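Now for the letters of each chain:
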Amino acid sequence: MAPEPEDKKPDHGAPEPSKQSLRGLDWFIFFLADVQTGFGPFIAVYLTTQKWTQVEIGFVLSIGGVVALLGQMPGGAIVDAVRSTRLVVGAAVAAIACCALAYAAAPIFPVVVTAATVHAMASCVLGPAIAAMSLGLVGPMNIGERLGRNARFASLGNGVAAAVMGTCGYLLSSRSVFIVTFLLAIPVLYALSRIRHQEIDPARAHGHAAEQAESSPPFRFRDLVRQKPLLIFACAVLLLQLANAAMLPLMAGVVTTRSADWAPALIAFCIVVPQAFVAATSPTVGRKAQQWGRRPLLLAAFTALTIRGLLFSVVTDPFALVAVQIFDGVTAAVFAVMIPLIVSDITFGRGRFSLAQGIVGTATGIGASLSTVTAGFVADKFGAPIAFVGLSCVAALGFLLILLVMPETKRDHGEAEKA
């Protein structure tokens with residue numbers, strides 16, 4: 001867990017990472033997804049059992065959302081500023097584990113608000129740090145497939161954790177979910193310790209390439225926000241979240257009004273199906289991105305999202321609704337890989353990889369926040385089918401943005417490093 005020695009020069013011609021480090025990263029991603037699953041909906045259920053009002057619960061969740069939104073760019077800047085990404089990741093995991101323990105031990109307002117704030121701050125650092133650690137470990141030529149593998153293990157971890165924690169909450173108590181979350185931090189930190197710190201090139205992790213780390217200064221913030229491909233991609237991600245974030249909650253509300261008895265099982269299947277698809281296809285997405293480029297896969301993701309919204313507006317059969325969620329799996333698999341991959345392309349050779357991720361993460365948060373509010377308003381005024389069609393139109397706008405404006409960002413990194 002110690003940072004790399006300051007006097008050690010980055011080895012830009014570093015050999016392939018060891019199997020120990022690669023397997024350590026696999027299991028780190030898996031168990032970390034388990035830990036993160038312990039929050040979210042389980043918080044609302046737990047606080048309800050502790051006699052909290054819906055206003056108090058909503059306030060706590062809103063604080064976490066606001067901090068997560070505002071902390072994206074500072075979190076990325078912190079990761080860019082440190083030398084040891086592994087140390088930052090370990091500190092963030094420990095903070096999240098302490099937050100889970102605080103929820104379980106003292107579900108009182110000051111403690112819960114503090115825990116929600118710390119958890120959101122740690123998550124803002126954790127996402128960019130994991131991508132940076134992956135890039136530093138495998139390098140830009142192999143980052144596509146590595147990101148796909150990360151998405152696979154994250155998806156598997158989410159599915160397993162949802163089942164385990166749901167069972168614990170049902171058989172024991174909702175408090176046990178947070179105790180399990182705290183205990184799961186132990187295998188997370190053990191898996192992290194299996195990643196050899198000397199195999200993570202710190203310059204490469206920040207987006208530098210070969211001698212450019214010394215010869216060219218890194219992007220300044222104003223230089224970064226002038227990168228048109230980054231701004232276009234951030235707008236595309238905002239449109240993605242604006243179209244996507246409200247679809248499943250809106251569909252859940254519709255099916256619950258039709259039949260409250262089978263709605264929970266249906267929603268569970270609608271969550272599991274895309275997670276399974278992501279787990280099965282994410283490494284393939286990473287490989288195809290290296291072969292075909294980024295734009296064809298982005299276009300496929302927006303196409304799938306557009307079709308999904310249109311189908312939700314007309315489909316009523318429960319089994320067909322579950323089948324429609326395969327399109328959600330296509331979108332999720334593509335963007336789980338594409339977001340850090342395209343950011344890596346754009347910042348290649350000039351650093352600020354994590355800060356650029358923070359910019360895109362801010363766009364993600366804004367889009368998701370606007371999506372639920374806007375779709376809910378349209379559904380109340382004009383009906384759910386019109387809301388689904390509107391969300392599809394937003395996705396189609398994202399498709400046009402990628403088709404007409406977004407440049408291809410795929411680079412020949414091997415030639416760039418020799419230049």
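Higher on the page you've got the structure.
Residues numbered from 1 in each chain as written. Predicted model: local features only at pLDDT ≥ 70, side-chain atom pairs only at ≥ 80, totals over all residues. Heavy atoms only, no water.

Novice: I keep staring at the overall build of the chain and nothing clicks. Help me out?
Specialist: If you tally the helices and strands in the chain, you get 19 helices and 0 strands. Burial analysis of the chain (419 residues in total) assigns 50% to the buried set. Long-range contacts, defined as pairs at least 24 residues apart, comprise 86% of the intrachain contacts of the chain with a sequence gap of at least 6. Roughly 18200 Å² of accessible area belongs to the chain as shown, and the carbon and sulfur atoms make up 69% of that amount. (Helix = DSSP H or I, 4+ residues; strand = E, 2+ residues; numbered from the N terminus. Buried < 20%, exposed > 50% of the residue type's maximum accessible area, 1.4 Å probe, protein only. Contact = heavy atoms within 4.5 Å. Areas by Shrake-Rupley, 256 points an atom, 1.4 Å probe, with all protein chains shown as cover.)

Novice: I keep staring at the side chain of Ser84 and nothing clicks. Help me out?
Specialist: For Ser84, the position within the fold is in the loop between α4 (72-81) and α5 (85-105). On the accessibility criterion, Ser84 (3% relative accessible area) is buried. A polar contact is formed between the side chain of Ser84 and the backbone nitrogen of Leu87, at a distance of 3.2 Å. (Polar contact = N/O pair within 3.5 Å; in protein donor to acceptor, adjacent residues only side chain to side chain.)

Novice: What should I look at first to understand helix α12 (residues 228-244) in this one?
Specialist: Two residues of an α-helix separated by three or four positions point the same way, owing to the 3.6 residues in each turn. Over its 17 residues, α12 extends 24 Å from the first C-alpha to the last, a length consistent with the 24 Å expected when each residue adds 1.5 Å. Judged by how many residues are buried, α12 sits mostly within the fold: 12 of 17 residues are covered. Here α12 has its buried residues at Leu230, Ile232, Phe233, Ala234, Ala236, Val237, Leu239, Leu240, Gln241, Leu242, Ala243 and Asn244. (Expected span 1.5 Å × (residues − 1).)

Novice: Please clarify how a nonpolar patch on the surface should be interpreted in this entry.
Specialist: Residues Leu397, Leu400, Leu403, Leu404 and Val405 make up a contiguous nonpolar surface patch of about 460 Å² in total accessible area. With respect to the helices and strands, Leu403 occurs in helix α18 (residues 384-404). With relative accessibility at 37%, the residue Leu403 sits in the partly exposed group. (Patch = residues over 30% accessible without salt bridge, like charges linked within 9 Å, V, L, I, M, F, W, Y side chains within 5 Å. Salt bridge = Lys/Arg side-chain N within 4 Å of Asp/Glu carboxyl O.)

Novice: How should I be thinking about the packing of aromatic side chains in this particular structure?
Specialist: Each aromatic ring pair is specified by the distance between its two centres and by the angle formed by the two planes. Going through the model one piece at a time under the given rule, you end up with 10 aromatic pairs. Taking the centre distance of 5.4 Å and the plane angle of 45 degrees together, the rings of Phe312 and Phe388 count as tilted. Separated by 76 residues along the polypeptide, Phe312 in helix α15 (residues 295-314) and Phe388 in helix α18 bring together distant segments of the chain. For the residue pair Phe312 and Phe388, the accessibility class agrees, reading buried in each case. Three or more aromatic residues link up through ring pairs in this structure, and these residues are Trp27, Phe30, Phe31 and Phe153. (Phe/Tyr/Trp six-rings, centres within 6.5 Å; stacked < 30°, edge-to-face > 60°.)

Function cannot be inferred from these measures alone, as they are strictly geometric.
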